[in-house]
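What follows is each chain in one-letter form.
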Amino acid sequence: MQYVFAASGMTCEVPGTDSSRTIFKGLRFAIERGEIVDLVGPSGSGKSSLLTAFAQLNPHAHGSMELEGRPASEFTPQQWRSQVAYLPQKALLTGSTVAEAIRLPWTLRIRNTTGTSRPSRLSRLFSRQSPAAQAKALLPSERIRATLDSIGCEDIDLDRAPHDLSGGQAARVSLARTLLTEPKVLLADEVDAGLDDENAEKVAAIMAQYADRGMSIVRIRHRPPDGRASRIVALDGGVLTETYANSRKISQSNNREDGQEARA
Ligand SMILES: Nc1ncnc2c1ncn2[C@@H]1O[C@H](COP(=O)(O)OP(=O)(O)OP(=O)(O)O)[C@@H](O)[C@H]1O
């Protein structure tokens, strides 16, 4: 069976006062296309460390990872992170409007390529424009509006200042920004923390919508199970254990029932 994402030998050692401390060692994990897996466990057990390791954002972790059968070494870290996207708990929305905040990944990509000795085709094409203007051309407001509307965010005005958004709106804008980059794997680190039940449900429904289209999603959650995950995997004492599997159909395109075998 081919998983979208597979990791093995995942090890994390953080600096301690006298010596380093092992948070986990030799963990295996895999996820199928369109699957939602919940990652649970006590505070400090290493859940965030594991997700940031998967996204190659954790300098204290290492292991072998594959995306659609290709080893991580075949990707630049930037390419990897655009496909295996980490969404942090706290929504970081910069810019003077929601639209600008959503375009940030595009603006950064353009900034990163304009300084290189060999400019990309895109940067040559738009080289006379500012990175913000180039980002706007690549991701027009109409597309952002249509995406927000399609995930039930009609209440979010693109011209609004990000700091004026409610917590629930900010969480949904942050999620929409990552979804627009179309990662194959979304690593959602407690993105519903601090939200009321209604907003947490909205965020969960948006992710389920994208899982139905084939996105694979790992959610760190402290809330009770909401029935959307095909597996719940617990990290405790450095050990990853599958604690529960339900019969949710994992995606229309996969057309298979989950829960047949443990993959943690
Ligand atoms: N950069 C670091 N330096 C030292 N210790 C670290 C570092 N990063 C994480 N840790 C430690 O690693 C352990 C795991 O942290 P992590 O945030 O991954 O846990 P968690 O399960 O996500 O916790 P929570 O549920 O509270 O968010 C903790 O003891 C934390 O203090």
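Residues numbered from 1 in each chain as written. Predicted model: local features only at pLDDT ≥ 70, side-chain atom pairs only at ≥ 80, totals over all residues. Heavy atoms only, no water.

(A) Representation of helix H6 (residues 141-150) within the structure. Along H6, the positions that sit buried rather than exposed are Ile 144, Thr 147 and Leu 148. The buried side chains of H6 occupy one side of the element, clustering within an arc of 95° when seen end-on. Of the residues trailing H6, Gly 152 is marked for its positive phi of about 75°. (Buried < 20%, exposed > 50% of the residue type's maximum accessible area, 1.4 Å probe, protein only. Helix = DSSP H or I, 4+ residues; strand = E, 2+ residues; numbered from the N terminus. Arc of directions from axis to C-beta.)

(B) Highlighting the layout of surface pockets. Size it by volume and the largest pocket reaches roughly 770 Å³. Residue lining of the largest pocket: 23 residues in total, with Arg 81, Ser 82, Tyr 86, Pro 105 and Leu 108 positioned closest to the centre. Those elements giving two or more residues to the lining of the largest pocket turn out to be helix H2 (77-83), strand S6 (84-87), helix H3 (98-114) and helix H7 (167-180). When residues of the lining of the largest pocket are assigned to their parent elements, the largest contribution, 5 residues, is made by H3. The residue inventory of the lining of the largest pocket, partitioned by class, reads 11 nonpolar, 8 polar and 4 charged. (1 Å grid on protein atoms, 1.4 Å probe; cavity = no way out; pocket = protein on both sides within 12 Å on 5 of 7 lines; lining within 4 Å. Points joined across faces, edges and corners; volume = space filled by probe spheres on them. Nonpolar A, V, L, I, M, F, W, Y, C, P; charged D, E, K, R; others polar.)

(C) Broad picture of the packing of H7 against helix H8 (residues 197-212). At a minimum axis separation of 9 Å, H7 and H8 run at an interaxial angle of 10°. In terms of their interaxial angle, H7 and H8 are classed as roughly parallel. The interaxial crossing formed by H7 with H8 has right-handed handedness. Together, Gly 168, Ala 171, Arg 172, Leu 175 and Leu 179 of H7 and Asn 199, Lys 202, Val 203, Ile 206, Met 207 and Tyr 210 of H8 make up the contact between the two elements. Here the residues of the contact of H7 with H8 sort into 7 nonpolar, 2 polar and 2 charged. (Axes fitted to C-alpha atoms, helices over the stretch in contact; angles between N-to-C directions. Parallel < 35°, antiparallel > 145°, perpendicular 65-115°, else oblique. Left-handed = near helix turned anticlockwise from the far one by under 90°. Contact = heavy atoms within 4.5 Å.)

(D) Structural view of empty space enclosed by the protein. Under the definition given, this model contains 2 cavities of 30 Å³ or more. Roughly 50 Å³ of internal volume is contained in the largest cavity. Around the largest cavity sit Ala 188, Glu 190, Val 191, Asp 192, Ala 204, Met 207, Arg 219, Ile 220 and Arg 221, which together line it. Contributing elements (two or more residues each) for the lining of the largest cavity: H8 and strand S8 (216-220). Approximately 40 Å³ is the volume attributed to the second largest cavity. What lines the second largest cavity is Leu 87, Pro 88, Gln 89, Ala 91, Ala 171, Ser 174, Leu 175 and Val 191. Classifying every residue of the lining of the second largest cavity gives 6 nonpolar, 2 polar and no charged.

(E) The packing of aromatic side chains, seen in detail. Taken as a whole and assessed by the stated rule, the structure comprises 4 aromatic pairs. Ring geometry for Phe 29 against Phe 54: centres 5.4 Å apart, planes inclined by 25°, an arrangement best described as stacked. Here Phe 29 is found in strand S2 (residues 20-31), whereas its partner Phe 54 is found in helix H1 (residues 47-54), with 25 residues between them in sequence. Owing to a relative accessible area of 5%, Phe 29 belongs among the buried residues under this scheme. For Phe 54, a relative accessible area of 1% puts it in the buried group. (Phe/Tyr/Trp six-rings, centres within 6.5 Å; stacked < 30°, edge-to-face > 60°.)

(F) Expanded view of the site of the ligand. Contacts to the ligand come from 14 residues, most closely from Ser 43, Gly 44, Lys 47, Ser 48 and Ser 49. The contact in question runs from an oxygen atom of the ligand to an N or O atom on the side chain of Arg 21, over 3.0 Å. In isolation the ligand exposes 640 Å². Once the protein is present, 64% of that is buried. For the shell around the ligand, the secondary structure elements donating two or more residues are strand S1 (5-15), S2 and H1. Broken down by element, the shell around the ligand gets its largest block of residues, 3 residues, from H1. (Near = heavy atom within 4 Å. Polar contact = N/O pair within 3.5 Å; in protein donor to acceptor, adjacent residues only side chain to side chain. Areas by Shrake-Rupley, 256 points an atom, 1.4 Å probe, with all protein chains shown as cover.)

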